Amino acid sequence: DPEHAGVQGMLWITSPAATEVETLVLDWLADLLDLPEAFRSASTGGGVIQDSASSGTLVAILAARERATEGLGNAEGLPSLDRTLTVYTSEHAHSSVEKGVRAAGLGSSSIRYVPVDGDFAMRPDALRAMVEEDVAAGAIPTIVVANVGTTSSTAIDPVGAIADVCEEFNVWLHVDAALAGTAAVLPELRWILDGSERADSFVMNPHKWLLVNMDCSAFWVRERASLTSALSIDPEYLRQAATDSGSVIDYRDWQLPLGRRFRALKLWFVLRMFGAEEIRRIVREHIRLTQLFASFVEADPDFELTAPHPVNLVCFRHLGGEDANRRIMDTVNDSGEAFFTHTVLDGVFTLRMAIGAERTEERHVRKVWELIRASAP
Ligand SMILES: Cc1ncc(COP(=O)(O)O)c(C=O)c1O
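Now for a look at the structure at hand. Model, not experiment: these values are computed from the prediction. (Residues numbered from 1 in each chain as written. Predicted model: local features only at pLDDT ≥ 70, side-chain atom pairs only at ≥ 80, totals over all residues. Heavy atoms only, no water.)

**Considerations on the layout of surface pockets**
Part 1 of the argument: Reported here for the largest pocket is a volume of approximately 780 Å³.
Part 2 of the argument: Of all the elements in the fold, those that place two or more residues in the lining of the largest pocket are α2 (53–69), α7 (206–209), β11 (348–354) and α12 (362–375).
Part 3 of the argument: With four residues, α12 is the largest single contributor of residues to the lining of the largest pocket.
Part 4 of the argument: Of the residues contributing to the lining of the largest pocket, the split by class is 14 nonpolar, 15 polar and five charged.
Part 5 of the argument: Each of two domains, domain 1 (2–262) and domain 2 (277–375), supplies a minimum of three residues to the lining of the largest pocket.
Part 6 of the argument: There is about 320 Å³ of room inside the second largest pocket.
Part 7 of the argument: Forming the walls of the second largest pocket are 17 residues, and the residues nearest its centre are Thr228, Gly246, Val248, Ile249 and Asp250.
Part 8 of the argument: Among the secondary structure elements, those contributing two or more residues to the lining of the second largest pocket are α8 (224–231) and α9 (241–245).
Part 9 of the argument: With three residues, α8 is the single largest residue contributor to the lining of the second largest pocket. (1 Å grid on protein atoms, 1.4 Å probe; cavity = no way out; pocket = protein on both sides within 12 Å on 5 of 7 lines; lining within 4 Å. Points joined across faces, edges and corners; volume = space filled by probe spheres on them. Helix = DSSP H or I, 4+ residues; strand = E, 2+ residues; numbered from the N terminus. Nonpolar A, V, L, I, M, F, W, Y, C, P; charged D, E, K, R; others polar. Domains from an automatic or database assignment.)

Right, dumping it as structure tokens:
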């Protein structure tokens, strides 16, 4: 198990291989997802593996905070700044945004939850209005976290229109594509990342849907200096010639902890073992199965779809109300045959079926639908 083989990749010098392989596979993954040149290691940016999307979002918030305060946050702490640093994300953002905001010392009250449209995607006009209002009130709009695939319903925020606002007001744009980002390996679904090429940072989780085991979260930044200047501290005991030369990457400066495992090796294995075409085949099949499941729901007069289903998640419900849906969910989950979870969309209790495991086949999806039907009132 390479991750536990004693590799310590905190500095380039402590494991040049761990560092170089990580840089290489994140460039490969950037190719596979068709991410912009600026995110590649040969450019101003680069990729790093974080333990989770939550950590990726946290370091994005920290980098944004330091950019907005010109280093004052780190140097003197936020109380020395008598202006509010404001954060924007959709009402449907994952809770990791609020956790990151709290950890970065900005406070939950600095978050503006931007209203969504009928498809649960962020409304850029509402974002603009909120940013303008905050600027007029003397606040510093600091970061927008856009979603490519919200947790509840895989809603895709209009990242291009959001980027327009960010560029106009000099706000850091972070894209959270934790689950749905994987779909961008398919040319026919690459549109979900439209606009993401303008982001300052971007996170997606190979450990969710790209066949890699926990934990492996891929994070890219446009200007690596903006990340490392927020996170780097250079005590004497960590200094050595390779770092001082400025020609190597020390990934400790791209994350909160110092020490780090060799997570890149499992991503290397997945990319080499399957190859791009096989990964595309598997992801395409998951999407086909998801659309098949959605067609079962659509064809049944007792059920309805409750959100668009562009990738691998179907939100649906029985028309019999919340109790009926809870009973269906509990009955299926208690059977041990399948496990699905719920959310609330527009005040309506909703069931959620996600397909993303390598070995899921059509017969499994048909079986789940039979179980749901059999558990329905
Ligand atoms: C959109 C989104 N962002 C972030 C996360 C958090 O991911 P992680 O567990 O890697 O922190 C999730 C997890 O469900 C998610 O769906």
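**Side note on the sheet that holds strand β8 (residues 303–305)**
Part 1 of the argument: The strand order across the open sheet formed by four strands is β8-β9-β11-β10, and the pairing between neighbours is antiparallel. Every other strand in the sheet has two partners, leaving β8 and β10 (341–345) as the edge strands with one partner each. Across the sheet, the mean angle from the axis of one strand to that of its neighbour is 40°, orientation sign disregarded.
Part 2 of the argument: Pairing of strand β9 (residues 313–318) with β11 involves four bridges; the strand directions are antiparallel. Within β11, the position partnered with Cys315 by the bridge is Arg352.
Part 3 of the argument: Of the strands in this sheet, β8, β9 and β11 are in contact with helix α10 (residues 264–299), which crosses β9 at around 15°.
Part 4 of the argument: α12 rests against β8, β9 and β11 of the sheet, and its axis sits at about 130° to β8. (Pairing = 2+ DSSP bridges. Axes fitted to C-alpha atoms, helices over the stretch in contact; angles between N-to-C directions. Contact = heavy atoms within 4.5 Å.)

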